[in-house]
Amino acid sequence: MNTYQKHYDVIVVGAGHAGCEAALAAARMGCETLIVTINLDTIAKMSCNPAIGGLAKGHLVKEIDALGGEMAKNIDKTGIQFRRLNTKKGPAVRSSRAQADKKAYQDEMKRVLETQQKLDIKQVLVEELLVENGKCIGILSQTQTAYFGDTVILTTGTFLKGIIHIGDVSYSAGRAGESSAEKLSESFLSLGFEIGRLKTGTPPRVNAHSIDFNQMERQPGDKNPLPFSFTTEQITQPQLPCYLTYTNEKTHDVIRENLHRSAMYSGRIVGIGPRYCPSIEDKVVRFSEKTEHQVFVEPEGRDTDEIYLNGISASLPEDVQVKMVHSIKGLENAEIMRFGYAVEYDFAPATQLQPTLETKNVPGLYFAGQLNGTTGYEEAAAQGLIAGINAALKVKDEQPLVLDRAQAYIGVLIDDLVTLDIREPYRMFTSRAEYRLALREDNADLRLTEIGRQIGLVDDDRYRQFQKKAADIRAELERLQETLLKPTPATVDSLENIVETGELKQPTSLADLLKRPELCYEHIAQIVPPPEMLPSPVTEQVEIQIKYDGYIQRQQRQIHQFKRLENFQIPDTFDYANVHGLKTEAREKLAKIRPASIGQASRLPGVSPADISILTVMLHQQRAQ
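Note that the structure is predicted; figures quoted are calculated from it, not measured. (Residues numbered from 1 in each chain as written. Predicted model: local features only at pLDDT ≥ 70, side-chain atom pairs only at ≥ 80, totals over all residues. Heavy atoms only, no water.)

Student: Just checking my understanding: could you explain the sheet that holds strand 4 (residues 51-53) for this structure?
Tutor: Sheets are built from strands that pair by backbone hydrogen bonding, the pairs being arranged parallel or antiparallel. The antiparallel open sheet is built from three strands, whose spatial order is 4-6-5. The open sheet is flanked by strand 4 and strand 5 (79-85), the only strands paired with a single partner. Between one strand axis and the next, the sheet turns through 15 degrees on average, direction left out of account. (Pairing = 2+ DSSP bridges. Helix = DSSP H or I, 4+ residues; strand = E, 2+ residues; numbered from the N terminus. Axes fitted to C-alpha atoms, helices over the stretch in contact; angles between N-to-C directions.)

Structure representation (structure tokens):
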């Protein structure tokens, strides 16, 4: 065994979306960092749909940016279509999504990594974790070179014993055309970790020149696209259109007739697939009453003719995929450039982790991304960022960062993973966040930038920009609350000329006027303009905070109750076996997960309110002794 001459503070294994955020965070916090990957040419590769954001996922990207991460800035530079989703609904569920130029996104992220100080990048296949006295101290490569570090972060994606399935053909690979990591799982098992199998998939890609777009619905991007990053002033690059078509009964007949040849339905796949992003075979079987399913026809970049058929992920044989694609309107003559496939891989259930993403079994070892059972670039990047932050804080001997469910979607994501014993690919939804009105996309910077500043990921220029925005919001809220509009004839006429609204009968603050459903901030600014023109991110915040003030206050009261339970800590050494009255299932769950607080304990499956009451009484008694 050879020893690499440099000792690192943080070693990151894997350079997907989790690995990139982890490595950048650790290096930017001043740690000597190494990131290793099987192939340097696939850093930040988008294995599936080349898009960032979407419902709830956009919230994660905004939060990553607010904390000082890279994903939002990267998609702002390389996006080819930007859309705001749920714009007709309330602000809590509005989300951003952008189609990416797949290759440009990779190249830009690789450039960012290569130019980052204190960050080394190496092409290495890791086969073993090095552990001494129970602590992770490094990694061993396929070429028998040892790289030593104070902490190690694993972000292995779908590469642990990855197997690709296309019909009745299967072969070892982490992604199409890339080798899998065959031995690292054995290292996990030797260290006492539990390993499971999951499955995900991807659809065919076709040549744009072989598509009849005239038969499809054109879907342009937003006319005034909103950036993901709070530091991006404007999206200036031209946008490309996407298209929409549908499967039909002929498509479904082709699939039904060949289900026995599908890797998924022939029983050759044992891993559990994503419930909320099923393969087309699964859609046809589970939703047999539906006569059509959407197929989003999305470009993979500006300089490629490759088109992604979002919605028909498949593990069918190649000849069946050809028939299936040709049965769809506009794709009758489509030339398949890459066939769809399913990939099965090892994962480690995240209940084996602390909320910091450090493993309970092996100090100094962190897991992030699909290794923890998630699906999606955004979920992976969020975990990678937190793992990188906490590895750096551990090296510095500082308190770890744990975001709770009332602070961020990132907090919801990680709390769900380490608490709920999830056995299928996890995807973020707005419905998973109990306090989603407080955790909006638009206020991610107001919630998290101070934290990013404290840990060293928000620089001086960005922090000054943030402080100016926060001050402008406070000042404008105060102006609207304190400025009274009197019902003079001139005022009444002015108001009637702007918008049809109820009569102004008594002096009314501008804030109360803005609460009227038919009025928006622009109307108020026309009546009584602010001292200076304010940017739209400021006025958007002002309008939301005023219009939803009652709901926000009610949610803050709920959050206060939540915080009380979260702050009721349970000692790590607490002996649940001696708590009389707990149900057997509750005792087993509590002993296995070892929740950090009463709040976390209350969210464990199998732990009832009665169990929580008994546990709370016992903890109070211990504290009183």
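Back to the write-up after that little detour.
Student: Got a minute to help me understand the packing of aromatic side chains in this structure?
Tutor: What describes a pair of aromatic rings is the distance from one ring centre to the other and the angle between the planes of the rings. Within the structure shown, the criterion is met by ten aromatic pairs. On the numbers, 5.3 Å between centres and 50 degrees between planes, the contact of phenylalanine 193 with phenylalanine 367 is tilted. In this pair, phenylalanine 193 sits in the loop between helix 5 (184-190) and strand 13 (196-202) while phenylalanine 367 sits in strand 21 (residues 365-367), placing the two residues 174 residues apart along the sequence. By relative accessible area, phenylalanine 193 is classed as buried at 4%. Of the aromatic side chains, those joined through ring pairs into one cluster are Tyr4, Tyr8 and Tyr147. Geometry around tyrosine 426 places arginine 432 over its ring, the cationic atom sitting 4.2 Å from the centre. (Phe/Tyr/Trp six-rings, centres within 6.5 Å; stacked < 30°, edge-to-face > 60°. Buried < 20%, exposed > 50% of the residue type's maximum accessible area, 1.4 Å probe, protein only. Lys NZ or Arg CZ within 6 Å of the ring centre and 35° of its normal.)

Student: Please clarify how the packing of helix 12 (residues 460-482) against helix 16 (residues 536-547) should be interpreted in this entry.
Tutor: When two helices pack together, their arrangement is given by the angle between the helix axes and by the axis-to-axis distance. Running from amino to carboxyl end, helix 12 crosses helix 16 at an angle of 45 degrees, the nearest separation of the two axes being 9 Å. Considering the angle they form, helix 12 stands oblique to helix 16. Crossing angle aside, the handedness with which helix 12 passes helix 16 is right-handed. On helix 16, the residues that touch Lys469, Asp472, Ile473, Glu476, Leu477 and Leu480 of helix 12 are Pro537, Val538, Gln541, Val542, Gln545 and Ile546. When its residues are assigned to classes, the contact of helix 12 with helix 16 shows seven nonpolar, two polar and three charged. (Parallel < 35°, antiparallel > 145°, perpendicular 65-115°, else oblique. Left-handed = near helix turned anticlockwise from the far one by under 90°. Contact = heavy atoms within 4.5 Å. Nonpolar A, V, L, I, M, F, W, Y, C, P; charged D, E, K, R; others polar.)

Student: Which parts of the structure should I look at to understand the sheet that holds strand 11 (residues 163-166)?
Tutor: Read across the sheet, four strands follow the order 12-11-20-13 without closing on themselves; strand pairing throughout is antiparallel. Looking along the sheet, the strands with just one partner apiece sit at the ends: strand 12 (169-172) and strand 13. Across the sheet, the mean angle separating the axes of adjacent strands is 25 degrees when strand polarity is ignored. Bridging between strand 11 and strand 20 (residues 341-347) involves three bridges; their strand directions are antiparallel. Bridging across to strand 20, isoleucine 164 finds its partner in valine 343.

Student: Where do I start with the pairing of strand 10 (residues 145-154) in this structure?
Tutor: Here is the key point about a regular strand: its side chains alternate between the two faces of the sheet. Burial analysis of strand 10 places eight of its ten residues in the buried class, which makes it a mostly covered element. As judged from the three bridges shared by strand 9 (residues 135-141) and strand 10, these two strands associate in the antiparallel manner. Paired with glycine 138 across the bridge in strand 10 is phenylalanine 148.

Student: Would you take a moment to explain the nonpolar core for this structure?
Tutor: Within soluble globular proteins, side chains that are nonpolar tend to cluster in buried spots. Of all hydrophobic cores here, the largest spans 99 residues; its most connected members are Leu154 and Ile410. If you tally residues by element for this core, the top one is helix 9 (residues 377-395), at eleven residues. Every residue in contact with leucine 154, bar those within four places of it in the chain, is listed here: Val13, Leu129, Leu184, Phe188, Leu365, Tyr366, Phe367, Ala368 and Leu371. In terms of nonpolar packing, the next biggest core, distinct from the first, is built from 24 residues, Ile211, Val254, Leu309 and Val320 among them. (Core = buried A, V, L, I, M, F, W, Y, C linked by side-chain atoms within 4.5 Å.)

Student: Please clarify how the pattern of salt bridges should be interpreted in this entry.
Tutor: Pairing is possible between side chains of opposite charge, provided their charged atoms come close. One pass over the structure, following the stated rule, counts 43 salt bridges. Note that glutamate 249 is salt-bridged to arginine 256, the shortest N-O span being 3.9 Å. A relative accessible area of 37% means that glutamate 249 is categorised as partly exposed. Linking aspartate 415 and arginine 603 is a salt bridge whose minimum nitrogen-to-oxygen distance equals 2.7 Å. (Salt bridge = Lys/Arg side-chain N within 4 Å of Asp/Glu carboxyl O.)

Student: Where do I start with unusual backbone geometry in this structure?
Tutor: Most peptide bonds take the trans form, and the phi angle of most residues other than glycine is negative. Residues other than glycine seldom take positive phi values, yet leucine 357 does so here, at roughly 75 degrees. Mapped onto the elements of the fold, leucine 357 is located in the loop between strand 20 and strand 21. Residue leucine 357 is classed as buried on the basis of its relative accessible area, which comes to 1%. With a phi close to 50 degrees, arginine 594 is a non-glycine residue in the positive phi region. Counting through the fold element by element, arginine 594 comes out in the loop between helix 18 (584-593) and helix 19 (598-602).

Student: What is the right way to read the environment of glycine 54 from this model?
Tutor: With respect to the helices, strands and loops of the structure, glycine 54 is situated in the loop between strand 4 and helix 2 (57-67). Exposure remark for glycine 54: the relative accessible area of 6% places this residue in the buried category. For the pair formed by glycine 54 and glutamine 545, sequence separation is 491 residues and the distance between their alpha carbons is 23 Å. Apart from residues lying up to four places away in sequence, glycine 54 is in contact with Leu85, Ser95, Ser96 and Arg97.

Student: How should I be thinking about the pairing of strand 8 (residues 126-132) in this particular structure?
Tutor: Where strand 8 lies against strand 9, six bridges are found, and the strand directions are antiparallel. Residue pairing for strand 9: leucine 130 is matched across the bridge by glycine 138. Linking strand 8 back to strand 9 in an antiparallel pair, the connection comprises two residues, with asparagine 133 at a positive phi of about 55 degrees.

By themselves, these observations are geometric and do not establish any function.
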